[in-house]
Every structure is written in structure tokens, then in C-alpha cells.
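Structure assessment
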Amino acid sequence: MPAKVQVPKISDAIATSLERRILEGSLKPGDRLPPERELAVELGVSRPSLREAIQKLASKGMVHSRQGGGTYVTAALESTFFDPWQDMMGSYPNLREDMLEFRRMLEGQAAEWAAERATDADLLRLDQAFAVLAAAFETDDTERRSAADIAFHQAIGDAAHNVLIGHLSAALLRLMHDNIRLNLGELKSVPAASRLLMTQHAAIHAAVRERKPQAARAAAETHIDFVRETLAQTLRSVARRETAERRLSTDFSTS
């Protein structure tokens, strides 16, 4: 007797489709899924099948429902990398150097592959991210600069079309967020440094757009080398200020 053909359940197919969107970065951590009615119409499925699929993703920790309504993508693919390192970064400052060294390798490769593989949609997104970055650097808003900087580098990571690079880039940039903000905060008072940062980002953007893989890698590595050196200077400057303030406090308390 011939074996029966196993027909996949509709809910499994829906779950796979949504999981693929999360994996490729079309749906990112924190994104809200479209309302159930709209998503069912978009996918051409029934709402009960869609609900079952979402439950499957929830059981994997890929999505969760929030009080007040809505289903959101979790950071499950990044949190196992992110969480323990976040705690250790505060205790072991030397880890910052290792993180930046790893970031240099990762972003150099990402930029090279982005120059080879970026689609028209990727380039449009990159153009938009670069425009937002340029506008942010015209302001003194460190948080805005930091968010725009991270978004630009994430657009490069996604354009590399390697799932692991995309998610590792996102996790690493989240991990480095406080350092990026600290660095930009220190540098915003130095016009030459801000111009250099924008020149470096422009070089990465241009090399990816012009399909020059080696130039893109070199531009990304040059940028991270600059960040490593300026961050080291920033941390030394912060340490000196803290030392001076402690001395001042001690002098007044003993007088």
C-alpha cells in the first residue's frame, strides 16, 4: 500500500512564512504584526489558521502579545547573544576593544557583500538611512545621531543578505549603543570629528552604491578604526574628568 502524502497544515505554512520574515529582517524585534484581519487578507488565509500559526511562533518565543492589544516580534534571535554580554560590558571595560575588533571584521564583510548583493530596494533603504544620518549630524541631539548611526549600519548589514550577519549586526549594535552614544556625545563638540564621521559614512554608502566590494570593505574598516581610536580617547577623557572631580570633592571636604 503506497504511503500517504503528508500535506502540511495551513497554520504550519503560515508560521513558516512569518518566521521567514523575522529571519530575513523584514520583521524586526519590536515590530507589531499587522492587525489579524489585515494579515489574514494579505496571506489569503482564514483568521483561525492565522491565530494557530501565531500561537506556534509564540511557543518558540518569536512573538508575544502585549496587554492592550497587538502581537509583537521579540528579540529571541538576538537576546541569547545580547543579554550576558550586556552585563559583562559594564564590569570588564576591555571587552569594548574586543567588541570593536569583532565589529570591524563583521562590518567589513557586511559592506563587501552589500556592494555585491544589494538589491534596488536595499539601495533605496540605504539612501534613506544615509539621508536621515546626514540630517541627524546637523543637530546636537546625541540620541538622534546615535539612532541614525545604528540604522545606517544595520541597513548595510541587511543588504549583505546573510541572515547571521544581519542578526549579529543588530545584536552587536544594540550592545554597543551606549558606547556609540558616549562617543558621539564627546565628539559633537569637535566639528572636524563630526565631519570625518560623515565623510567615512559617505565613503561606505558610495562604495556599496557603486558596487565596489573591496572599496566598501576598506571604507567600513577605516571607519571602525577611527571609532576605536576616538572611543579610547573618549574613555581616557572621561576617566581624567572623573579623577579631577574626585580630587576637587576631596579637597573641599577636608578644608
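Structure's up top.
What comes next concerns the included structure. (Residues numbered from 1 in each chain as written. Predicted model: local features only at pLDDT ≥ 70, side-chain atom pairs only at ≥ 80, totals over all residues. Heavy atoms only, no water.)

**Focus: the packing of aromatic side chains**
In the structure shown here, the tally under the stated rule is one aromatic pair. Plain terms: the ring middles of phenylalanine 130 and phenylalanine 152 are 6.0 Å apart, the flat faces sit at 55 degrees to each other, and that makes the pair tilted. Highlighted residues: phenylalanine 130 in helix H6 (residues 120–136) and phenylalanine 152 in helix H7 (residues 142–159), separated in sequence by 22 residues. The pair formed by phenylalanine 130 and phenylalanine 152 is uniform in burial state, with each residue classed as buried. Over the aromatic face of tyrosine 72 sits the side chain of arginine 66, whose NZ or CZ is 3.8 Å from the ring centroid. One Lys or Arg, arginine 145, reaches over the ring of phenylalanine 137 and ends 4.6 Å from the middle of that ring. (Phe/Tyr/Trp six-rings, centres within 6.5 Å; stacked < 30°, edge-to-face > 60°. Helix = DSSP H or I, 4+ residues; strand = E, 2+ residues; numbered from the N terminus. Buried < 20%, exposed > 50% of the residue type's maximum accessible area, 1.4 Å probe, protein only. Lys NZ or Arg CZ within 6 Å of the ring centre and 35° of its normal.)

**Let's talk about the pattern of salt bridges**
Evaluated as defined, the whole model comprises 16 salt bridges. Put simply, aspartate 225 and arginine 104 hold a salt bridge, and the shortest N to O gap is 2.7 Å. Placement of the pair is aspartate 225 in helix H11 (residues 213–254) and arginine 104 in helix H5 (residues 95–117), with a sequence separation of 121 residues. Accessibility expressed as a relative area gives 26% for arginine 104, which makes it partly exposed. Its salt-bridge partner being arginine 217, residue glutamate 221 comes within 3.3 Å of it at the nearest N-O pair. With glutamate 221 and arginine 217 both in helix H11 and four residues apart, this pair spans about one turn of that helix. Ionic contacts of the salt-bridge type, sharing partners, join the residues Arg104, Glu112, Arg217, Glu221, Asp225 and Arg228 into one network. (Salt bridge = Lys/Arg side-chain N within 4 Å of Asp/Glu carboxyl O.)

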